[in-house]
Amino acid sequence: MSDPSPADQPPHDALRSELEAWLNQQNQVLLEEVIATWQGAVAGFRPDEALLDRLRAAMPSRSGFGPSPANPAGVADQSLASALDLVEGATSQGDLLKRLLDALVPLVERSALFVLKQGLASLYAHRGFEAGAPLKPGAVVPPPDLESVIQGLGRSLRKKGPGYAALLAPLSPFEAADMAVLPLRHKRKTVALLLVDSGLRQGLDHPEFVRALVLAASATLASLAAGKEDPSHTQPGTSPGTSPGISSASAPTQVVPESIGAAPPQALDPRTRAAAERLARVLVDDVELYFPEKVAQARVKGNLYRLLRDELERSRATFVDRFGESIEVQHRIFTSTVIHHLCEGDASKLGEAPWA
């Protein structure tokens, strides 16, 4: 029998895709069951008072385990002072982000920085999480509780909910008992989000120290940006707003980098583009099929995103899971399909979608 001809490949690809989708779904169900079992066990994994009493009784009798003569508060203050010195010594915006995460290592179990661009939060770097993070590519669409912090309606997010879950998703499947999300601001605008949590511990030891470091980082960021904008700091061979040794072509165009080693946009393979456009049309057609009244209303009055926010976000998440956030951000296949089919080609009728 001769080898399958190229014409036989699409059915084979369809079968393979169906099998892969089924396997991924089963693996996800199994993983969720394992995580639920693990979290339930951890919730009850606490030392009882009898054990604590025995530990306290044993501490003075063993060399090296007795009470420390040093003042614990003084030790913590010294750690904060060293962390502040580390942050304030940053020489560039990228160096500042790295130093901020390094400074947090003695203070929190896990930390991560997300850079904001076009309404999306992209993972920049992390400490303390699994070595394989990010677990999946793509940026995070901020849920409402996280959006309020970004807009300056709150100083931080200290309650677990959709915002914490969205930022944690690319980093780890395991939620911590305590967490905080704080905004890194420049000129009253949030440019990055810092996520810290307690890992396997029951709480954050020094949340006020974390906030102090974030405020110091924001001040240092403003200082670095002011130095770049001041023409008096330029030297021969540099243009205004460019640091010595950096050409105008490589000067940063944002307050903070978009991502580590971000690659420039590349041409999309025709077969991949065709498959992406096909999936986008199916997803968008389903929205119109199940919500014809809202689509018709948006075509007349606009603001489709407000009327169908949950449906559009779910459809976009399905598209991104299949093809990746980078393809959508660079080529806007799903967004263009929504505008063309649901908004009759008028982008203004979509409304204020964070990914539009």
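Coordinates for the structure precede this section.
Heads up: these notes are all about the structure in this document. Quantities reported herein were computed from a predicted structural model and do not represent experimental measurements.

## Remarks on the overall build of the protein chain
For step 1, the next point in the chain: Looking only at helices and strands, the protein chain has 13 helices and 4 strands in total.
For step 2, the next point in the chain: With 356 residues in all, the protein chain has 35% of them scored as buried.
For step 3, the next point in the chain: Considering only contacts within the protein chain whose residues lie at least 6 apart along the sequence, 60% involve residues at least 24 apart.
For step 4, the next point in the chain: Total accessible area on the protein chain is roughly 20900 Å²; 56% of this is exposed by carbon and sulfur atoms.

## Concerning the sheet that holds strand β4 (residues 189-197)
For step 1, the next point in the chain: Taken in spatial order, the 4 strands make up an open sheet running β2-β1-β4-β3, and their pairing is antiparallel. Looking at the sheet topology across the chains shown, the edges are occupied by β2 (120-127) and β3 (179-186). Recorded for the sheet is a direction-independent mean angle of 25° between the axes of neighbouring strands.
For step 2, the next point in the chain: When β3 meets β4, the two strands line up antiparallel, connected through 8 bridges. Within β4, the position partnered with H186 by the bridge is K189.
For step 3, the next point in the chain: Set on the sheet, helix α4 (residues 93-104) makes contact with β1 (110-117), β2, β3 and β4; between it and β2 the angle comes to about 55°.

## As for the packing of helix α11 (residues 309-323) against helix α13 (residues 333-342)
For step 1, the next point in the chain: In the contact formed by α11 and α13, the axes pass within 10 Å of each other and the chain directions differ by 140°. Of the possible angle classes, the one that applies to α11 and α13 is oblique. Our pair here, α11 against α13, has a crossing hand that is right-handed. Here L312, S315, R316 and F319 of α11 lie close against α13, whose contacting residues are I333, F334, V338 and L342.

## Observations regarding the pairing of β2
For step 1, the next point in the chain: Among the 8 residues in β2, 7 count as buried, and that is most of the element.
For step 2, the next point in the chain: The sheet contact formed by β1 and β2 spans 7 bridges and is antiparallel. Bridging across to β2, K117 finds its partner in L120.
For step 3, the next point in the chain: Two successive antiparallel strands, β1 and β2, enclose a turn made up of 2 residues, where Q118 displays a positive phi of approximately 55°.

## Some remarks on the environment of V214
For step 1, the next point in the chain: Here V214 lies in helix α7 (residues 207-229).
For step 2, the next point in the chain: Exposure remark for V214: the relative accessible area of 3% places this residue in the buried category.
For step 3, the next point in the chain: Aside from chain neighbours lying at most four places away, what touches V214 is L182, P183, L184 and L194.

## With respect to the nonpolar core
For step 1, the next point in the chain: Counting 32 residues, the largest nonpolar core has V87, L104, L194, V196 and L213 as its most contacted members.
For step 2, the next point in the chain: Listing elements by their share of this core, those giving two or more residues are α3 (72-88), α4, β1, β2, β3, β4 and α7.
For step 3, the next point in the chain: The element best represented in this core is α7, accounting for 8 residues.
For step 4, the next point in the chain: The residues touching L104, leaving out its near neighbours within four places in the chain, are S111, L194, V196, V210 and L213.
For step 5, the next point in the chain: Among the nonpolar cores identified, the runner-up in size contains 26 residues, and A275, V287, L307 and A353 belong to it.

## Observations regarding the pattern of salt bridges
For step 1, the next point in the chain: Using the criterion set out here, one finds 13 salt bridges in the structure.
For step 2, the next point in the chain: Across the salt bridge formed by D178 and R158, the nearest N and O atoms sit 2.9 Å from each other. Of this pair, D178 sits in the loop between α6 (162-168) and β3 while R158 sits in the loop between α5 (144-150) and α6, and the two are 20 residues apart along the sequence.
For step 3, the next point in the chain: Note on D178: relative accessible area 16%, which makes it buried.
For step 4, the next point in the chain: On the basis of relative accessibility, which here comes to 38%, the residue R158 falls in the partly exposed class.
For step 5, the next point in the chain: Salt bridges linked by common partners bring K98, D102 and R127 together as one network.

Reading guide: rules and limits
Residues numbered from 1 in each chain as written. Predicted model: local features only at pLDDT ≥ 70, side-chain atom pairs only at ≥ 80, totals over all residues. Heavy atoms only, no water. Helix = DSSP H or I, 4+ residues; strand = E, 2+ residues; numbered from the N terminus. Buried < 20%, exposed > 50% of the residue type's maximum accessible area, 1.4 Å probe, protein only. Contact = heavy atoms within 4.5 Å. Areas by Shrake-Rupley, 256 points an atom, 1.4 Å probe, with all protein chains shown as cover. Pairing = 2+ DSSP bridges. Axes fitted to C-alpha atoms, helices over the stretch in contact; angles between N-to-C directions. Parallel < 35°, antiparallel > 145°, perpendicular 65-115°, else oblique. Left-handed = near helix turned anticlockwise from the far one by under 90°. Core = buried A, V, L, I, M, F, W, Y, C linked by side-chain atoms within 4.5 Å. Salt bridge = Lys/Arg side-chain N within 4 Å of Asp/Glu carboxyl O.

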